[in-house]
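# Observations on the three-dimensional arrangement
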Amino acid sequence: MTDLAADLRETFVQLADTLVDDFDLVEFLDVLAYRCVELLGVHSAGLVLADPRGSLTLVAASDEQTRLLELFQLRNSEGPCLDCYQDAEPRACPDLVRVRGKWPKFAQEAENAGFRSVYALPMRLREEVIGALNLFGTRPALLDDEGLRLAQALADVATIGIVHHRLLRRQENITAQLQTALNSRVIIEQAKGVLAERLRVSVGDAFGVLRAYARSNNRKILAVAKEIIDRTVDIPR
Amino acid sequence: MMFHRHDRAALVWSKMRFLASETDSAVTVEHACVVCGEALEAAGVGLTLAIGTSLPEPVLATDARSRGLEELQFTLGEGPALDVSRGGMLVAITDVTSSEATLRWPVFAPEAIDGGVKSIIAVPIQVGAITLGAVDCYREFAGFPSRESLAKAFVCAEAVITLALAENGGPVLGEVIDREFTEHRARVHQAAGVVSAQLEIGLPDALARLRAYAYANDRKLDEVAEDVVRRRVTFRHEP
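Small disclaimer: the values here were computed from a predicted structure and weren't measured.

## Regarding the overall build of chain A
- When helices and strands are counted, chain A shows 8 helices and 5 strands.
- In chain A, the succession of α and β elements from N to C terminus is α-α-β-β-α-α-β-α-β-β-α-α-α.
- Compactness check: chain A gives a C-alpha radius of gyration of 27 Å against a globular reference of 18 Å for 237 residues, more than 25% above the reference.
- The principal-axis extents of the C-alpha atoms in chain A amount to approximately 85 × 45 × 30 Å.
- In chain A, which comprises 237 residues, the proportion classed as buried is 38%.
- Considering only residue pairs separated by 6 or more positions, chain A has 57% of its internal contacts joining residues 24 or more positions apart.

## Section: the packing of helix H7 (residues 203–216) of chain A against helix H8 (residues 221–230) of chain A
Residues and elements named next belong to chain A.
- Interhelical geometry of H7 versus H8 gives an angle of 120° and a closest axis separation of 9 Å. You can see that H7 and H8 cross each other, and the crossing is right-handed. Along its contact with H7, which presents Leu210, Arg211, Tyr213 and Ala214, the element H8 presents Ile221, Val224 and Ala225.
- Tallied by class, residues from the contact of H7 with H8 come to 6 nonpolar, no polar and 1 charged.

## Remarks on the sheet that holds strand E1 (residues 44–50) of chain A
Residues and elements named next belong to chain A.
- If you walk across this open sheet you meet the 5 strands as E2-E1-E5-E4-E3, and the pairing is antiparallel. Strand pairing shows two members of the sheet lacking a second neighbour, strand E2 (56–61) and strand E3 (91–93), which therefore form its edges. Neighbour-to-neighbour, the strand axes of this sheet turn through a mean angle of 20°, independent of strand direction.
- In the sheet, E1 pairs with E2 via 5 bridges, with the strands oriented antiparallel. Paired with leucine 47 across the strands is alanine 60, a residue of E2.
- Strands E1, E2, E3, strand E4 (117–125) and strand E5 (128–137) of the sheet are contacted by helix H4 (residues 80–87), whose axis makes an angle of about 25° with E4.

## Some details on the pairing of E4(A)
Residues and elements named next belong to chain A.
- The buried count for E4 comes to 8 of 9 residues, which makes it a mostly enclosed element.
- Alignment of E3 against E4, held across 3 bridges, turns out to be antiparallel. Across the sheet, alanine 92 pairs through a bridge with tyrosine 119, a residue of E4.
- Here E4 folds back onto E5 in antiparallel fashion, the turn holding 2 residues, of which arginine 126 has a positive phi close to 55°.

## Here we look at the interface of chain B and chain A
- If you look at the interface, chain B gives 30 residues, while chain A gives 24 residues.
- Where the side of chain B that touches chain A is concerned, the elements lending two or more residues are strand E2 (57–61), strand E5 (130–139), helix H7 (147–164), helix H8 (173–180) and helix H9 (183–199) of chain B.
- Broken down by element, the side of chain B that touches chain A gets its largest block of residues, 10 residues, from H9(B).

## A few points about the domain arrangement of chain B
Residues and elements named next belong to chain B.
- Under the domain assignment used here, chain B contains domain 1 (5–168) and domain 2 (183–229).
- Each of domain 1 and domain 2 has a C-alpha centre, and the two are 26 Å apart.
- Listed per partner, the contact involves 7 residues of domain 1 and 8 residues of domain 2.
- Among the elements that make up the side of domain 1 that touches domain 2, the one with the highest residue count is helix H3 (residues 64–76) (3 residues).

What counts, and where the lines are drawn
Residues numbered from 1 in each chain as written. Chains lettered and ligands numbered in written order. Predicted model: local features only at pLDDT ≥ 70, side-chain atom pairs only at ≥ 80, totals over all residues. Helix = DSSP H or I, 4+ residues; strand = E, 2+ residues; numbered from the N terminus. Rg over C-alpha atoms; globule rule 2.2 N^0.38 Å. Buried ≥ 20, exposed ≤ 12 C-beta atoms within 10 Å, placed from the backbone. Contact = placed C-beta atoms within 7 Å. Axes fitted to C-alpha atoms, helices over the stretch in contact; angles between N-to-C directions. Left-handed = near helix turned anticlockwise from the far one by under 90°. Nonpolar A, V, L, I, M, F, W, Y, C, P; charged D, E, K, R; others polar. Pairing = 2+ DSSP bridges. Domains from an automatic or database assignment.

As structure tokens, this is what we get:
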């Protein structure tokens with residue numbers, strides 16, 4: 001296996017490994033940007049992701065120059081990256097000179113930075129578009145068809161990884177929310193029983209004591225209830 | 001009749017909305033359970049949810065028999081809801097009088113039979129890979145439900161999650177629990193607290209002691225709980 005093939009394999013595995021507890025999105029996209037430069041032979045790469053409302057933010061860039069250029073696109077609401085995200089279609093600009101009419105501000109800024117070609121690829125899974133991967137070259141026609149296909153494949157794997165990670169987090173949140181709602185009630189009832197026995201009072205009176213204690217100590221009833229059960233608090237009559 | 005996925009969901013939700021409109025209320029978890037029962041031609045339905053401890057908690061039921069059977073599962077530590085919570089898959093016992101059922105639930109099955117139940121379909125409530133609980137559907141005839149009925153039942157189970165979460169993200173399940181968390185269930189957990197303090201053991205052990213006592217004395221758990229809370233029954237260290 002050639003070095004490139006081995007690197008590719010390793011990269012795809014890295015990009016797929018997102019269902020871990022310590023997953024860090026920014027670090028993940030930094031890796032993707034770096035790998036794109038390394039594997040595709042482009043000069044630099046930038047990544048933008050949409051927030052829940054659909055506004056794009058720059059999340060990763062392989063160098064400072066590229067970072068500034070991406071920010072320029074977003075600030076001026078002009079550039080292949082934005083069009084790519086909006087239409088969920090690739091925007092290949094093998095020659096920036098030819099797109100001066102379409103994105104005048106962007107083309108100027110990019111040329112000033114020394115770039116001659118730009119490729120924007122959608123990060124998309126079925127109907128969901130989460131952002132865009134942008135590749136920059138210092139000479140025209142930097143990426144051929146095969147390079148473009150590979151770049152899109154990298155973007156696709158990363159997208160699947162991110163979508164799955166988000167889904168998992170959402171499922172965990174939902175589960176925790178629902179279980180907490182029910183468990184809280186159980187804990188409070190248990191605490192009433194424990195306190196009733198300890199103070200030799202009725203369950204109703206025990207709850208009164210619990211509630212008064214929580215109030216006068218400015219604490220939540222549930223927190224106090226947990227401590228009663230764990231015996232970390234002793235409530236006098 | 002073959003249903004397209006979207007048509008099926010639309011039909012199920014419209015049934016839930018219709019039920020809700022009859023009492024002029026919003027669609028709730030209870031409506032999802034009722035429609036689930038209708039889809040599976042059940043005589044009664046119970047909802048049990050996992051709360052992160054060893055035993056899932058009976059939350060609501062459409063009738064007294066179903067409530068009794070849900071609570072019995074909790075007392076015995078055996079039954080369809082528990083199997084679903086552990087295994088994450090649908091449990092369908094098509095004939096409660098069969099030896100399969102008795103092997104699976106040696107104490108629960110006879111009780112279900114006594115109650116007039118002939119088959120039980122327990123539908124898992126799932127969030128991704130996590131099984132949150134089960135909708136237990138008790139039927140008065142033996143047999144396996146059709147594929148379409150099961151598909152509708154699964155839509156109802158998904159709806160339980162959707163309905164338990166309010167639109168702004170806060171759980172509406174809390175309100176359902178406040179409404180449905182009956183005196184019986186509250187008593188059971190209060191009694192566990194009392195026993196825990198009497199024997200100076202942890203809550204899970206105290207609950208196990210209560211359940212064992214109920215089983216050994218052939219009594220309903222909530223009746224034992226009532227006695228414990230009223231100090232008619234006390235647990236003491238063995239001398």
